[in-house]
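# Survey of secondary and tertiary structure
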Amino acid sequence: MIVIGGIIINYYWRNDSLDSMVSVPMGILIWTFAYILCQIGKRFFFKKRNWWDWLYYIGLVVIILPRSLATPDNLSSFQLITDMGILFLLIPVLFDGKQLLDENKSGTKNN
């Protein structure tokens, strides 16, 4: 998931034109769909629900929002919103990694 999130983030950080925000390439949309499937799969494999599991929705909204609301007049605002908001695709993955490391540390100490 971190690789897929990185690919999507890379696209938004490298492209700052209105056209690239409104007309997202099919490849990026496929990666986004794969990311969503990974999130859904994670819910089936791990029963524990965390508060950060829902943060990736902010990243998804940032992908969709410019398609209908971005104009040449507010482009700089949407560039800032997408550049910062797209990071929410990685935040849940990083928190999950930290939680996994913490659980492994505590499991090692108990043994």
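We now turn to the structure provided with this report. The structure displayed is predicted, hence computed values, not measured ones. (Residues numbered from 1 in each chain as written. Predicted model: local features only at pLDDT ≥ 70, side-chain atom pairs only at ≥ 80, totals over all residues. Heavy atoms only, no water.)

Turning next to the nonpolar core. Ranked by size, the top nonpolar core spans 15 residues in total, and within it Ile-8, Tyr-12, Tyr-35, Ile-63, Ile-86 and Leu-89 carry the most contacts. At the level of elements, α1 (2-14), α3 (26-45) and α4 (56-69) are the ones that each hand at least two residues to this core. When residues of this core are assigned to their parent elements, the largest contribution, five residues, is made by α1. Apart from the residues lying within four places of it in its own chain, the contact partners of Leu-89 are Ile-8, Tyr-35, Tyr-56, Gly-59, Leu-60 and Ile-63. (Core = buried A, V, L, I, M, F, W, Y, C linked by side-chain atoms within 4.5 Å. Buried < 20%, exposed > 50% of the residue type's maximum accessible area, 1.4 Å probe, protein only. Helix = DSSP H or I, 4+ residues; strand = E, 2+ residues; numbered from the N terminus. Contact = heavy atoms within 4.5 Å.)

Right, let's get into the pattern of salt bridges. Taken as a whole and assessed by the stated rule, the structure comprises three salt bridges. Here Lys-98 ties to Asp-102 by a salt bridge, and the two come within 2.8 Å at their closest N and O atoms. Note that Lys-98 and Asp-102 are positioned in helix α6 (residues 91-110) at a spacing of four residues, about one turn of the helix. Using a relative accessible area of 47% as the deciding quantity, one classes Lys-98 as partly exposed. (Salt bridge = Lys/Arg side-chain N within 4 Å of Asp/Glu carboxyl O.)

When we look at a pair of aromatic rings, we describe it by the centre distance and by the angle of the planes. This model, assessed by the stated rule, comprises seven aromatic pairs. Here the aromatic rings of Tyr-11 and Tyr-12 are separated by 5.2 Å at their centres, their planes lie at 85°, and the arrangement is edge-to-face. The same class applies to Tyr-11 as to Tyr-12, namely buried. Aromatic ring contacts, followed pair by pair, group Tyr-35, Trp-54, Tyr-56 and Tyr-57 into a single cluster. Just above the ring of Trp-54 sits the side chain of Arg-43; from NZ or CZ to the centre is 3.9 Å. (Phe/Tyr/Trp six-rings, centres within 6.5 Å; stacked < 30°, edge-to-face > 60°. Lys NZ or Arg CZ within 6 Å of the ring centre and 35° of its normal.)

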